[in-house]
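Structure at a glance
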Amino acid sequence: VQLQASGGGLVQTGGSLRLSCAASERMSSSYAMGWFRQAPGKEREFVAAIRWNSATYYSDSVKGRFTISRDKVKNTVFLQMSNLTPEDTTVYYCAGGSTIILSQIMSANSYSYWGQGTLVTVSS
């Protein structure tokens, strides 16, 4: 499975962006798709995930500001980001995997497929 991320860019503080992640094929019925972000010199950080049953999960730092959703027909996952702050500036990665257990959904190691990063820059 190949993942193609897009939608990053430059936005002012308080602005919004929508990231997209298109999968080359449908994954197994028990899949999860997620978004992570990674700043230089830091570990990859969980942002949000959506499971095959449409359940969603968010990190505390983005809860209430970001929304993950999907288009099952197009095998695409979206990350709508609102009320952005300079602290959200970094590279964002989409990820996918099958049979990810719920307790591990926030772990990058649980995901088998990764898209290329897309840079989000929030100016102050």
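Residues numbered from 1 in each chain as written. Predicted model: local features only at pLDDT ≥ 70, side-chain atom pairs only at ≥ 80, totals over all residues. Heavy atoms only, no water.

Notes on the environment of C21
- Inspection of the secondary structure assignment puts C21 in strand β3 (residues 17–23).
- Sequence spacing of C21 and W35 is 14 residues, and the spatial spacing of their C-alpha atoms is 9.1 Å. (Helix = DSSP H or I, 4+ residues; strand = E, 2+ residues; numbered from the N terminus.)

Structural notes on the sheet that holds strand β8 (residues 76–81)
- Spatially, the four strands line up as an open sheet ordered β1-β3-β8-β7, and their pairing is antiparallel. Of all strands in the sheet, those bounded by a partner on one side alone are β1 (3–6) and β7 (66–71). Averaged over all pairs of adjacent strands, the angle between their axes in this sheet comes to 15 degrees, without regard to strand direction.
- Sheet topology places β1 next to β3; four bridges connect them, and they run antiparallel. Residue L3 lies in a different strand from β3, and its bridge partner there is A23. (Pairing = 2+ DSSP bridges. Axes fitted to C-alpha atoms, helices over the stretch in contact; angles between N-to-C directions.)

Examining the nonpolar core
- Formed by 26 residues in total, the largest nonpolar core has its most connected members in W35, L79, M81 and Y92.
- Elements supplying a minimum of two residues to this core: β1, β3, β4 (31–38), β5 (45–51), β7, β8, β9 (90–98) and β11 (118–123).
- The dominant element in this core, judged by the number of residues it contributes, is β3, at four residues.
- Once residues lying within four places of it in the same chain are set aside, the contact partners of M81 are G15, S16, L17, L19, R65, F66, Y92 and V120. (Core = buried A, V, L, I, M, F, W, Y, C linked by side-chain atoms within 4.5 Å. Buried < 20%, exposed > 50% of the residue type's maximum accessible area, 1.4 Å probe, protein only. Contact = heavy atoms within 4.5 Å.)

Overview of the packing of aromatic side chains
- Per the stated rule, a full pass over the model turns up four aromatic pairs.
- Between F36 and F46, the aromatic rings sit 5.6 Å apart at their centres with planes inclined by 75 degrees, giving edge-to-face as the arrangement. Note that F36 is positioned in strand β4 and F46 in strand β5, a separation of 10 residues in sequence. This pair shows no difference in class: F36 is buried, exactly as F46 is.
- Through successive ring pairs, a cluster of aromatic residues spans F36, F46, Y111 and W114.
- Over the ring of W114 we find R44, and its NZ or CZ is 4.7 Å from the ring centre. (Phe/Tyr/Trp six-rings, centres within 6.5 Å; stacked < 30°, edge-to-face > 60°. Lys NZ or Arg CZ within 6 Å of the ring centre and 35° of its normal.)

Observations regarding the pairing of β9
- Of all nine residues that make up β9, seven are buried, and the element is covered over most of its length.
- Pairing between β4 and β9: eight bridges, direction antiparallel. Residue pairing across strands places F36 opposite Y93, the latter belonging to β9.
- Strand direction decides the pairing type here: β9 and β11, joined by three bridges, are antiparallel. Paired with T90 across the two strands is V120, which belongs to β11.
- In terms of strand pairing, β9 meets strand β10 (residues 113–114) through two bridges, oriented antiparallel. Along β10, the bridge assignment pairs G96 with Y113.

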